[in-house]
Amino acid sequence: MRLASAATSIDGGLYTWVTELAQRSPAVLDSAVRVWSDYGLALFAVLMLASWWRSRSADPARTAMALCAPLVVVATYLVNDVVKSAFHEQRPCQTLHVVTVEACPALGDWSFPSNHAAIAAAAAMVIWLTDRRLGAVALPAALLMAASRVWVGAHYPHDVLVGLLIGALVAWPLALAARRCAPAVVRLRDSRLRPLVAVRSAGVGARSN
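Below is a summary of the structure that appears in this document. No experiment lies behind these values; they were computed from the predicted model shown.

In a regular helix each residue adds 1.5 Å, so 16 residues correspond to 22 Å; helix α6 (residues 115-130) covers 23 Å between its end C-alpha atoms and thus fits that length. Of all 16 residues in α6, 13 are buried; the element is thus mostly enclosed. Capping the start of α6, S114 holds a side-chain oxygen 3.4 Å from the backbone nitrogen of H116, two or three residues further along.

A word on the state of the cysteines. Per the stated rule, a full pass over the model turns up one disulfide. Linked covalently through their sulfurs, C93 and C104 form a disulfide whose S-S length is 2.1 Å. Handedness of the C93-C104 disulfide follows from its S-S torsion of about 80°: it is right-handed. You can see C93 sitting in helix α5 (residues 92-95) and its partner C104 sitting in the loop between α5 and α6, a full eleven residues away along the chain. C93 gets classed as buried once you look at its relative accessible area, which sits at 6%. When its relative accessible area of 30% is taken as the criterion, C104 is described as partly exposed. Cysteine C68 shares no disulfide, and the gap to the nearest cysteine sulfur, in C181, comes to 4.5 Å.

Moving on, we come to the packing of aromatic side chains. In the structure shown here, the tally under the stated rule is five aromatic pairs. Between the aromatic rings of W36 and F44, the centroid separation amounts to 6.5 Å while the plane-to-plane angle is 45°, which identifies the pairing as tilted. Residue classification places W36 among the partly exposed positions, given a relative accessible area of 23%. Assessed through its relative accessible area of 2%, F44 is described here as buried.

Now for the environment of P26. Along the chain, P26 turns up in the loop between α1 (2-24) and α2 (27-39). When its relative accessible area of 52% is taken as the criterion, P26 is described as exposed. Along the backbone, P26 and W52 are 26 residues apart, and their C-alpha atoms lie at a distance of 38 Å.

The rules behind the values
- Residues numbered from 1 in each chain as written.
- Predicted model: local features only at pLDDT ≥ 70, side-chain atom pairs only at ≥ 80, totals over all residues.
- Heavy atoms only, no water.
- Helix = DSSP H or I, 4+ residues; strand = E, 2+ residues; numbered from the N terminus.
- Expected span 1.5 Å × (residues − 1).
- Buried < 20%, exposed > 50% of the residue type's maximum accessible area, 1.4 Å probe, protein only.
- Polar contact = N/O pair within 3.5 Å; in protein donor to acceptor, adjacent residues only side chain to side chain.
- Disulfide = S-S within 2.5 Å.
- Phe/Tyr/Trp six-rings, centres within 6.5 Å; stacked < 30°, edge-to-face > 60°.

In structure tokens form, the structure reads like this:
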């Protein structure tokens, strides 16, 4: 109960203001935010796939980061989940009993920090380190994911802010460490798995006259 009261005192007023604004907003906007909140993480999977595909023509270090991106995201999720389990912060929609765009998660589905925000931030960070152009899409998408979780009523603002911070701080060193796998990428480029880590060289497979 003390933790719930402390969480409410931090930014409960801002959370209530956002959820009330959502109730006054057009239904089409709420529906769009709900869909993004529930399924938007799929965009980051697509961007990671695209960054891997584009990295095959880059230096081996970038290719290594792109290949390790899913592992970085999974590791970030595990770290965030450990923090979540340690704090046991109840969902604001359970504590404040407000009307929300999305159904309130059940009791025991802890709120702090946001897994969605952490995953989005981790994915955006590794994508940005691998491919600046795709990262320019991923970074604002991560912020929108975090904001959507407050809009639908699933999280306090501080839940998503800390989630973003954890995602970025965990993913950054892990992504840079993945660059050390560059020698393995170089070896793969000389193997039958070359198409996974390098673009097809001009003239390869061309018909001879």
